[in-house]
Amino acid sequence: MDNTTPKEARKLASQTINYWKILLIFLSRWYWVAGTVLISFVLAWLYVRSITPIYITSASLKLDSDQQEQMASLPGSPLNYRTFNQAQNQIQTEGIIMRSEDVILNALKNLDYKISYYLEGRVRFTELYPKQPFQVDILTQDSVNFSRATYNVKPIDNRTFELSSSDDNNKNLKKYRYGQAISMGNMVFTIKTEIPSTGKYSFKFNGIRDLYGRAAGGLNVFEQEKNTNIMGVTHTDSNPVFSANVLNEIIKQYVKNDATLKKRSAKQTIDYLDSQIAFLDAQVSKSGNKLSSFQSSNKLIDPSSERQQGNSKLSNLENQIAELQLQELAIQQLEHQVKNNKDRIQLNLNLEGTNNTLLTGLIAQLNGLIINRENKLQSFNADAQPILDINKQINEVKQAIVTNIRLLHERNQKTISYINGQIGQANQALGSIPAKQNDFAKLQSNFDINQRMFSMLFERKLSAQISSAAVISGATIISVAQPSFFPISPVPKKIYSSYLFMGLFSGIGLILLVRILNPYLYDIETIEGLTTTPIIGVILKYPKKVRPGESVLSIERPKSIFAESVRSVRTNLSFMASDQDTKVICITSEVSGEGKSFVSLNLAGTLSIIDKKVILIAADLRKSKLHHAFGSDNRIGLSNYLSKQAALTDIIFTDEKHNIDYITSGPVPPNPSELLHHKSMEILIEKLRESYEYIIIDTAPVGLVSDSIPLIRKADINLFIIRSGVSKFRAATIPDRLSKEYGLNNIAIILNSFGDEKLHGNIYTTNYAHGNTGTYYYSNYTGYGKSGYYDEEKNWWEFWKKGS
């Protein structure tokens, strides 16, 4: 009875995910993961060894609250700046000042920066600052144009040493004496003291600007405590002592620079008051002389009380006019500064009492932007984009200041116009007074106004002088920087842990990548998920290389697990074409190299063991390898018979060792496909049916040529070979296509050379209870190889096991 399932009734097997298989995939290549982890640890070790450690030092300062108010951001700003708290704005502004070129360069001048000493280690150079292993004195040096090369030194004895320069790649090695003047690199220097004999030392000469980037680049300013005026300052560098020293000098210079700027501002105020006082002093003298002359010539001593009241009112109004005119002069000076000057703006004294908080804040913002531009010009050209952006902001702030000045000017003009109207009314009231008394009142009023203005400015000058004498810095150092010898980078624990995870994920990723890129079939579940053609059995991969003449392994090693897998296929063959006394079995595959001949030989061998009459035909007339297994020369075979060059008895050979009759392919004909399509092939098969129970035909691969199609259509059983790790995914769909195209229901698949490769194993498990695939029972023998039930050779590492 034929147990094959009609094609129309078959469907793909039901499969479910097997999480244990997923785990086995990763466990099968645990050594990949271990290897990537080991490599990552080595890389981490090399990184930690080669990278220069970075250290951080910190200090803190307290800023005065009056500075904090001046640097506040204003809600009425036309640039829509965000309103931060005053402390934050002040600290940001002061940080820009601290990074300014004047502060950094003045700080570096107080350090021993001219010569740097280095000690060469196995991996990197170490700066020895502040230590000096030997003394180098500079005799003459161009302050700008001198070589920044590294000079390598090596002591010879207590009197001489060798010196080379990186300018010539240390090729020119010269011998010098201690104390000898050495002329190199556009300078003259000498080494005064003896160079230590242990270690490789070198040194280089520095200009003050060579260390500017190192000092300014590692500087960071921040708000140490939220909503306070405590400014934290840190500096990072590869040398902790240099970092602490340069940070202490920077904060000292910053405090000193702040006091200097305040004194300069006070001096500018005093100079302005001096110029105004000199002018008013002349005006007071002139108006006093006029009044005295008028009194003498007109013999007037004191006007009437009514006139005094009018004159008093007129005097007050004219005094207001004078103050407004002074403000107008200050406004014009400020406008001139904004339009024509790129330096920081000094708010005029006469505008400080106008209560114009917006104008004060805008000037503070403008000064901050100008400081920022000056600092960035140290790193960028004038036409660089960051400078252009700051220039745009400066122009916007200037435009806002000019707009504010215009509004202030208009307000003053309206006030002056109003007061002038009041003065006109007061003069009209005084018009009724006799002319001489009226003139006297005007002269007296003018004199009083000038005198009061003179007194007011003199008092302000005295206050400014007192303030200038008592000027102190707006910042106080709370804590100075101390060297920290614990690096912040690299941190070995973090690096090793991060590299550990990187290696772990790299190993897992490598496993997933290999699986994703794999185009080959490896296991049964994958095949069952691609085709409805039943799998008749699994032939295991032979654990050793097959030698010539050793192809029929199912007979030569009958107790091996490999032979048992072949016998499983033989058992399932009995259920196919069971109504036929003689079974014609056609064996094919997609491409060559998938084991058609190997399966044919071993299947024939296992059938011969049970006394079945078997003949094996090599029907691949193009590239047959079957004759090699029997040691035949292949000079005569199937091609001779089909071309009527030989009789049937001439081409049938017998392998006495394995009790198998066989027909080789014979010489390669020019028309192999036509010969196999000829009726002679059908006659040959019919004749062989009379003498044999099994006719096994080893055909050409169907994926390459069409030679085997007529044999497949005439065969009782068609076996399609899929080789694990060699056949690609498309091979599993070929049996379905053959069945559909030629209306066959006698095709089955054999998985050859199965080795239980877990890396490429399918993650699904087939549920045979919920499918109708015409499946045959077979085992893949996974896990049984070491059970002791089979006769298997031991591996070399199992020498300790006793033979059974």
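Located above this text is the structure these notes cover.
Read on for a plain summary of the structure. On a predicted model such as this, the values are computed, not experimentally measured, just so you know.

Quick word on the overall build of the chain
Next up, step 1: Along the chain, the regular secondary structure elements total 23 helices and 23 strands.
Next up, step 2: Residues classed as buried in the chain amount to 46% of the 804 residues present.
Next up, step 3: Contacts in the chain between residues at least 24 apart in sequence constitute 78% of all its contacts with a sequence separation of at least 6.
Next up, step 4: Of the roughly 42200 Å² of accessible surface on the chain, a fraction of 52% belongs to carbon and sulfur atoms.

Some thoughts on the environment of Leu111
Next up, step 1: By secondary structure assignment, the location of Leu111 is in the loop between helix H5 (101-109) and strand S3 (115-120).
Next up, step 2: Of the residues examined, Leu111 reaches a relative accessible area of 10% and is grouped as buried.
Next up, step 3: Excluding residues within four positions of it along the chain, Leu111 makes contact with Tyr129, Phe242, Asn245, Val246 and Glu249.

Focus on the sheet that holds strand S22 (residues 747-754)
Next up, step 1: Spatially, S15-S22-S21-S16-S20-S17-S19-S18 is the arrangement adopted by the eight strands of the open sheet, whose pairing is mixed. In this open sheet, the two edge strands, each paired with only one partner strand, are strand S15 (535-540) and strand S18 (653-655). The sheet shows a mean angle of 25 degrees between the axes of neighbouring strands, direction not considered.
Next up, step 2: Pairing of S18 with strand S19 (residues 660-663) involves three bridges; the strand directions are antiparallel. When the bridges of S19 are listed, Thr654 appears paired with Asp661.
Next up, step 3: Of the strands in this sheet, strand S16 (583-589), strand S17 (614-618), S19 and strand S20 (694-698) touch helix H21 (residues 679-689), which is tilted by about 145 degrees from S20.

Some thoughts on the sheet that holds strand S4 (residues 125-127)
Next up, step 1: A sheet is described by the order of its strands in space; here six strands give the open sequence S4-S3-S11-S6-S7-S8, paired in antiparallel fashion. Of all the strands in the sheet, the pair left with one neighbour each is S4 and strand S8 (174-177). Neighbour-to-neighbour, the strand axes of this sheet turn through a mean angle of 35 degrees, independent of strand direction.
Next up, step 2: For strand S6 (residues 150-155) and strand S7 (residues 160-165), the ladder comprises five bridges, and the chain directions are antiparallel. Across the sheet, residue Lys154 finds its bridge partner in S7, namely Glu162.

Overview of helix H15 (residues 561-573)
Next up, step 1: With 13 residues, H15 ought to run about 18 Å at 1.5 Å a step, and its terminal C-alpha atoms sit 19 Å apart, in line with that.
Next up, step 2: Extensive coverage of H15 is indicated by the burial of eleven of its 13 residues.
Next up, step 3: Listed as buried for H15 are Ile561, Phe562, Ala563, Ser565, Val566, Arg567, Ser568, Val569, Arg570, Asn572 and Leu573.

Brief notes about a nonpolar patch on the surface
Next up, step 1: A contiguous nonpolar surface patch, about 670 Å² in accessible area, is contributed by Leu38, Ile39, Val42, Leu43, Trp45, Leu46 and Met502.
Next up, step 2: Ranked by residue count, the leading element in the nonpolar patch is helix H2 (residues 30-50), at six residues.
Next up, step 3: Residue position: Val42 is located in helix H2.
Next up, step 4: The partly exposed category is assigned to Val42, whose relative accessible area is 42%.

Description of the pairing of S22
Next up, step 1: With eight of eight residues buried, S22 lies mostly within the body of the structure.
Next up, step 2: Here four bridges tie S15 to S22, and the two strands are oriented parallel to one another. Residue pairing in the sheet places Val538 in a bridge with Leu751 of S22.
Next up, step 3: As defined by bridge partners, strand S21 (residues 717-723) adjoins S22 across six bridges and the pair is classed as parallel. The residue of S22 that forms the bridge with Ile721 is Ile750.
Next up, step 4: For the crossover from S21 across helix H23 (residues 734-742) to S22, the handedness is right-handed.

Observations concerning the packing of H2 against helix H12 (residues 492-517)
Next up, step 1: Packing of H2 against H12 leaves a shortest axis separation of 8 Å and a crossing angle of 145 degrees. Two packed elements cross with a definite hand, and for H2 against H12 that hand is right-handed.
Next up, step 2: Looking at the contact of H2 with H12, its residues break down into 20 nonpolar, five polar and no charged.

Overview of the side chain of Glu590
Next up, step 1: Mapped onto the fold, Glu590 is located in the loop between S16 and helix H16 (596-609).
Next up, step 2: Take Glu590: its relative accessible area is 6%, and that puts it in the buried class.
Next up, step 3: Only 2.6 Å separates the side chain of Glu590 from the side chain of Arg730, close enough to count as a polar contact.
Next up, step 4: Apart from the residues within four sequence positions on either side, Glu590 is in contact with Pro701, Val702, Gly703, Leu704, Phe720, Arg730, Ala731 and Ile734.

Observations regarding the side chain of Asn412
Next up, step 1: Mapped onto the secondary structure, Asn412 falls in helix H10 (residues 385-430).
Next up, step 2: Excluding residues within four positions of it along the chain, Asn412 makes contact with Leu324, Gln327, Glu328 and Ile331.

Conventions adopted
Residues numbered from 1 in each chain as written. Predicted model: local features only at pLDDT ≥ 70, side-chain atom pairs only at ≥ 80, totals over all residues. Heavy atoms only, no water. Helix = DSSP H or I, 4+ residues; strand = E, 2+ residues; numbered from the N terminus. Buried < 20%, exposed > 50% of the residue type's maximum accessible area, 1.4 Å probe, protein only. Contact = heavy atoms within 4.5 Å. Areas by Shrake-Rupley, 256 points an atom, 1.4 Å probe, with all protein chains shown as cover. Pairing = 2+ DSSP bridges. Axes fitted to C-alpha atoms, helices over the stretch in contact; angles between N-to-C directions. Expected span 1.5 Å × (residues − 1). Patch = residues over 30% accessible without salt bridge, like charges linked within 9 Å, V, L, I, M, F, W, Y side chains within 5 Å. Salt bridge = Lys/Arg side-chain N within 4 Å of Asp/Glu carboxyl O. Right-handed = clockwise from strand over helix to strand, strands pointing away. Left-handed = near helix turned anticlockwise from the far one by under 90°. Nonpolar A, V, L, I, M, F, W, Y, C, P; charged D, E, K, R; others polar. Polar contact = N/O pair within 3.5 Å; in protein donor to acceptor, adjacent residues only side chain to side chain.

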